[in-house]
Structure formats: C-alpha cells, structure tokens
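Remarks on the overall topology
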Amino acid sequence: MKLLIASDSPISTEVLVASVSSRPWPSGTTVKVLSVVADADVSADIWRQFGYGKNAVAREMERRGDQLTALAVEPLGKIGIPAEVVVSRGDARHLVPFFARKWSTDLILVRAHVRKDFTHWMLGSVARAVVTIAPCSVEIVRDTADDDSKKLENVRKILVATDGSEISQVAARAVAERPWPEGSVFKVVSVEEPWTSKRSRAGSSEEAQVSVTSAEQILASAGFQTTGEVLSGDVKKTVLEEAQKWAADLIVVGSHGRKGFKRMLLGSVSEAVAMNAHCSVLVGRGAQRSSRTASARTGT
C-alpha cells in the first residue's frame, strides 16, 4: 500500500506519523512524506539572509526537508515502513493531488483543521481541496490528544456511511481489505431523506436497508464485528450526529470525486463530514484512480 503523508509543519508531521505508526498496514506498505513550501512560508530572517529570490525559498525547503526527515523517516523505519521525504515549492492545493497521482498513491493522510492554527495551509482550504479532487482515498486525521480514550492508537469504533452506490461499496470493500486493530467494531448507517425532492440513492427506507445490509455483508465477510441501522434526516447532519452519539473514532464515507451538477450525494456529503466531524474521517475513492492506473499500465 502506498501512503502519502501531506504535512505543513512539525506538529502535523508528528500527528500523521503517529497515526500511521499506531495502526496495522498491509505488508509492503511504503510512505512518501510531502511538504509544499509557499513563498509566504519563508521567514523574514531567511529572506534577508539569502536575498529576496529563489535562494531563500531553496533554503527553507532544505530546512523543511531536514526537519521532516528526522520526524518521519526514522520513526517509520523502526516499525518496518520505509519512508521518503519530498519537499516542493508551489500551491499545495494542486501539488498534493498531483504527486498523489504521479506516485499512484492509495491513501493520502492530512491533518485536520485546528482552530488555533489558522496560519497553516493544510488545515483549511488545502484539506478541502485534497478531499474534493484527490485521485485516491483521503483520511482527514484528528488527534484528540486531550482524551486518552480517543488517542489514535485506540481507534476501535468505525462508522461506515453508505448510500448504496457503487462508490460506497468500493469504500466498504477497501475497509474490509485493510487490517484494523484487534477489537475494532463497525457500524453501517444509511440515511433516508423522506421530505426532500432530491432524494439520495437510499431514498426510501427499503432502499436504505438494502444499502446497509450490502455493506454489512462486505465487512462481516472479512470477519469484522458489524451492526447496521437506517436513519432518517438530513444526510450530512445525521451522519455527524450519529458519529458523535456512537462515539465513533473514525467515519468512512465514499466520494465520487466529481464536480458541479455531476457530483452525487456522497461527493458533497464526504466533504462536509470530513471538514466538520469530531473524529478522523476516511473518504474512500477507488474507481477513478484504479481506472487511470489500469489505463496507464495497458497503454490505453
């Protein structure tokens, strides 16, 4: 499995490396640690010392690379996961998805928004952009360090939201194919919206139950302890409220990765859930990247 850790600061790097280190991964997993330096990231001291040009930015990139290497490569190497640090200059909103596609990444890990940390690009618009346009699955990582029971290494309760679409099934299968900490439990939910004219694929209670049952079977076939429930209400609000009520450690949603009028239900719901959840969120996306990868391999 190919992981991309997208980081803008030492704190973010530590949180994301801890997240990777705390969970089991398939044999052969590798990590790329990517940090994107914008001109605004260069301190006034470096600008003055190295001149107001590319040399100053290069110095900041070198400093960032040394810093992230110490924080990521050695810790991950100790648990048998080889890692490499790449530092680039530009706009992270475009470069993170670009490198993910270039490296055929399976999962991008991004630190969640921290309200006291507004200055970091990764915690706001970049995280939203990555969730929206990344060619692969994205996990928005929230480290609730103030609550020992919710530390990343204690992730045990995973809420899987489904609308019955093929992308939702892809997300469920991706979860089923990954190793999870011993004792993990899964809950599958589907939300019916009985009062809206733009109904989801799980529009009726019967369709929602079929969606839940299908995802439950996928997870149960992998040997996971699974329950399911059909909920009613606004999809975004209901998924977030259920995750909070159930004390979920991780929410899994599917995303079609489409824009505008072509975006399906979970394309927009995934973004809202990822940016507003109390816990980490895994936005599963499989078909888009796999089809491109297959085309590249076959030359079509």
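Right above here is the structure, for reference.
Residues numbered from 1 in each chain as written. Predicted model: local features only at pLDDT ≥ 70, side-chain atom pairs only at ≥ 80, totals over all residues. Heavy atoms only, no water.

1. So, the pattern of salt bridges
Here is the rule we go by: A pair is scored as a salt bridge if a Lys or Arg side-chain nitrogen falls within 4 Å of a carboxyl oxygen belonging to Asp or Glu. Helical segments are the DSSP runs of H or I of at least four residues, strand segments are the runs of E of at least two, and each set is numbered from the N terminus. Exposed residues in this analysis have more than 50% of their type's maximum accessible area, buried residues have under 20%, and partly exposed residues fall in between, with area computed by a 1.4 Å probe over protein chains only.
Tallying each qualifying case throughout the model produces eight salt bridges. A salt bridge links Arg23 to Glu139; the nearest nitrogen and oxygen atoms lie 3.1 Å apart. A residue pair is termed long-range when its members are at least 10 positions apart, and Arg23 in the loop between α1 (10-21) and β2 (30-37) and Glu139 in strand β5 (residues 137-141) qualify at 116 residues. According to the relative accessible area criterion, Arg23 is buried, its value standing at 9%. A salt bridge links Asp91 to Arg93, with the nearest nitrogen and oxygen atoms 2.7 Å apart. The partly exposed category is assigned to Arg93, whose relative accessible area is 35%.

2. Concerning the nonpolar core
To keep things clear, this is the line we draw: Working definition of a nonpolar core: buried Ala, Val, Leu, Ile, Met, Phe, Trp, Tyr and Cys residues. They are joined through side-chain atoms within 4.5 Å. In this analysis, two residues are considered to be in contact whenever any of their non-hydrogen atoms come within 4.5 Å of each other.
If you look at the biggest cluster of nonpolar residues, it comprises 43 residues, and the most contacted ones within it are Ile108 and Ile251. The dominant element in this core, judged by the number of residues it contributes, is helix α4 (residues 92-102), at five residues. Not counting residues up to four positions away in its chain, the partners in contact with Ile251 are Leu159, Val239, Ala243, Val273, Ala277, Cys279, Ser280, Val281 and Leu282. Counting 35 residues, the second-largest nonpolar core is a separate cluster that includes Trp25, Val160, Ala176 and Trp180.

3. Some remarks on the environment of Gln169
Relative to the helices and strands, Gln169 resides in helix α6 (residues 166-177). The sequence separation of Gln169 and Ser214 amounts to 45 residues, and the corresponding C-alpha distance is 8.0 Å.

4. Details of the sheet that holds strand β4 (residues 107-111)
The criterion, for reference: By this definition, two strands are paired if DSSP reports at least two bridges between them. Comment: axis = line fitted to C-alpha atoms, over the contacting stretch for helices; angle = value between 0 and 180 degrees taken between N-to-C directions.
A sheet is described by the order of its strands in space; here 10 strands give the open sequence β3-β2-β1-β4-β5-β10-β9-β6-β7-β8, paired in mixed fashion. Two strands in the sheet have a free side with no partner beyond their single neighbour: β3 (83-89) and β8 (225-232). Geometrically, the sheet is characterised by an average inter-axis angle of 20° between neighbouring strands, direction not taken into account. As defined by bridge partners, strand β1 (residues 2-6) adjoins β2 across five bridges and the pair is classed as parallel. Paired with Ile5 across the bridge in β2 is Val33. α1 rests against β1, β4 and β5 of the sheet, and its axis sits at about 135° to β4. Strands in contact with helix α5 (residues 125-133) are β4, β5 and β10 (280-284); relative to β5, the strand with the most contacts, it is inclined by about 150°.

5. A short note on the packing of α4 against α5
Note the cut-off: Left-handed is the label given to a crossing in which the near helix is rotated counterclockwise from the far helix by less than a right angle, and right-handed is the label when the rotation is clockwise. Classification convention: Asp, Glu, Lys, Arg as charged; Ala, Val, Leu, Ile, Met, Phe, Trp, Tyr, Cys, Pro as nonpolar; all other residues, Gly among them, as polar.
With their axes 8 Å apart at the nearest point, α4 and α5 run at an angle of 40° to one another. Crossing handedness for the pair α4 and α5: right-handed. Here α4 contributes Ala92, Arg93, Val96, Pro97 and Arg101 to the contact with α5, which in turn contributes Ser125, Val126, Ala129, Val130 and Ile133. Tallied by class, the residues present in the contact of α4 with α5 amount to seven nonpolar, one polar and two charged.

6. Some words on the environment of Glu229
Our working definition: Here a polar contact means two N or O atoms within 3.5 Å. Within protein one must be a hydrogen donor candidate and the other an acceptor candidate, and residues neighboring in sequence count only if both atoms are side-chain atoms.
Considering the arrangement of structural elements, one finds Glu229 in strand β8. Among residues more than four places away in sequence, those in contact with Glu229 are Lys187, Val188, Val189, Ser190, Val212 and Glu242. In this structure the side chain of Glu229 is engaged in a polar contact, spanning 2.9 Å, whose partner is the side chain of Lys187.

7. Quick notes on α1
We count it as follows: An expected span of 1.5 Å times one less than the residue number is assigned to each helix.
Its 12 residues give α1 an end-to-end C-alpha distance of 16 Å, which sits within 8% of 16 Å, the value for a rise of 1.5 Å per residue. Considering only its buried residues, α1 is in contact with β1, α3 (54-78), β4 and β5.

8. Considerations on the environment of Val239
Mapped onto the secondary structure, Val239 falls in helix α8 (residues 235-246). On the basis of relative accessibility, which here comes to 1%, the residue Val239 falls in the buried class. Ignoring any residue separated from it by four or fewer positions in sequence, one finds Val239 in contact with Leu159, Ala161, Val191, Ile251 and Val273.

9. Some remarks on the pairing of strand β6 (residues 157-161)
This is how the line gets drawn: For the handedness criterion, the strands are oriented away from the viewer, and a crossover whose path from the first strand over the helix to the second runs clockwise is classed as right-handed.
Summarising burial for β6: four of the five residues are buried, a large majority. Each parallel crossover has a hand, and for β6 linked through α6 to strand β7 (residues 185-192) it is right-handed.

10. Topic: the packing of aromatic side chains
Applicable threshold: Note on ring pairs: Phe, Tyr and Trp rings are taken, using the six-membered ring of Trp, and paired if centres are within 6.5 Å. Classes follow the plane angle, with under 30 degrees stacked, over 60 edge-to-face and the rest tilted. We call a charge positioned over a ring when the NZ of a Lys or the CZ of an Arg lies within 6 Å of the ring centre and within 35 degrees of the ring normal.
Tallied over the full model, the rule gives four aromatic pairs. Taking 6.0 Å as the distance between ring centres and 85° as the angle between the ring planes, the aromatic pair formed by Trp180 and Phe186 counts as edge-to-face. We note that Trp180, like Phe186, is buried. Through successive ring pairs, a cluster of aromatic residues spans Phe98, Phe99 and Trp103. For the cation-ring pair, Lys32 lies above Trp103, with the distance from its terminal atom to the ring centre recorded as 5.0 Å. Lying across the ring of Trp246, Lys157 places its NZ or CZ 4.6 Å from the centre.

11. Thoughts on the side chain of Ser190
Looking at the secondary structure, you find Ser190 in strand β7. One polar contact links the side chain of Ser190 to the main-chain carbonyl oxygen of Thr162, over a distance of 2.9 Å.

Keep in mind that these numbers describe shape and distance, not what the molecule does.
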